[in-house]
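Remarks on the overall topology
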Amino acid sequence: MKRIIKVLLFLLLSKAGIAQHKTVLSVNAFEKAIQAKGAQLVDVRTPQEYKEGYIKGAVNADWQNEKQFTEQAKKLDKTMPVYLYCLSGVRSSKAADWLAANGFKEVINLDGGISAWKAADKKIEVK
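Read on for a plain summary of the structure. (Residues numbered from 1 in each chain as written. Predicted model: local features only at pLDDT ≥ 70, side-chain atom pairs only at ≥ 80, totals over all residues. Heavy atoms only, no water.)

**Side note on the sheet that holds strand E3 (residues 59-60)**
The sheet built from five strands is open, its strands ordered E1-E5-E4-E2-E3 with parallel pairing. The open sheet has two edge strands, strand E1 (22-25) and E3, and neither has a second partner. One ladder, built from four bridges, connects E1 with strand E5 (residues 107-110); its direction is parallel. Within E5, the position partnered with Thr23 by the bridge is Ile108. Of the strands in this sheet, E1, strand E4 (82-85) and E5 are in contact with helix H5 (residues 90-101), which crosses E4 at around 150°. (Pairing = 2+ DSSP bridges. Helix = DSSP H or I, 4+ residues; strand = E, 2+ residues; numbered from the N terminus. Contact = heavy atoms within 4.5 Å. Axes fitted to C-alpha atoms, helices over the stretch in contact; angles between N-to-C directions.)

**A word on helix H4 (residues 66-74)**
Of all the residues in H4, the buried ones are Phe69, Gln72 and Ala73. When H4 is viewed along its axis, its buried side chains cluster within an angular range of 105° and face the same direction. Facing away from the buried side of H4, by more than 90 degrees, are the exposed residues Lys67 and Lys74. Those residues of H4 that are buried are in contact with E3 and H5. (Buried < 20%, exposed > 50% of the residue type's maximum accessible area, 1.4 Å probe, protein only. Arc of directions from axis to C-beta.)

**A short note on the pattern of salt bridges**
The tally for this structure, following the rule as stated, stands at five salt bridges. We note a salt bridge from Glu49 to Arg91, for which the minimum N-O separation is 2.8 Å. Within this pair, whereas Glu49 is found in helix H3 (residues 47-51), its partner Arg91 is found in helix H5, the two being separated by 42 residues in sequence. By relative accessible area, which is 18% here, Glu49 ends up buried. The partner of Glu71 in a salt bridge is Lys74, and the shortest N-O contact between them spans 3.3 Å. (Salt bridge = Lys/Arg side-chain N within 4 Å of Asp/Glu carboxyl O.)

Keep in mind that these numbers describe shape and distance, not what the molecule does.
Listed below in structure tokens is the structure:
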């Protein structure tokens, strides 16, 4: 019984540690943060959504395409902050969980996604 409690406690604390690596920022705070040197900006929407407009400097890593997403994730530096966004924040939140669980030290999600970015009249690039 004591062993089971220890295992459960370990699992609980492990999950708590993962959550500490994730942050959600407002549009203005996100915009300021991605200006930092070494910021890794990732758009986790589909390639078609990405082509319709993205935040300058963002690379596309389609969360819905596991192979493509993991290949792009391998190119990222786990020790540097990773800034994520999608359309509304749902996919990027899931991607943030995955990155944190896979050793990324700091993962930041845009609250409201690119929809909030556009609503705040922030600039987007179009391919």
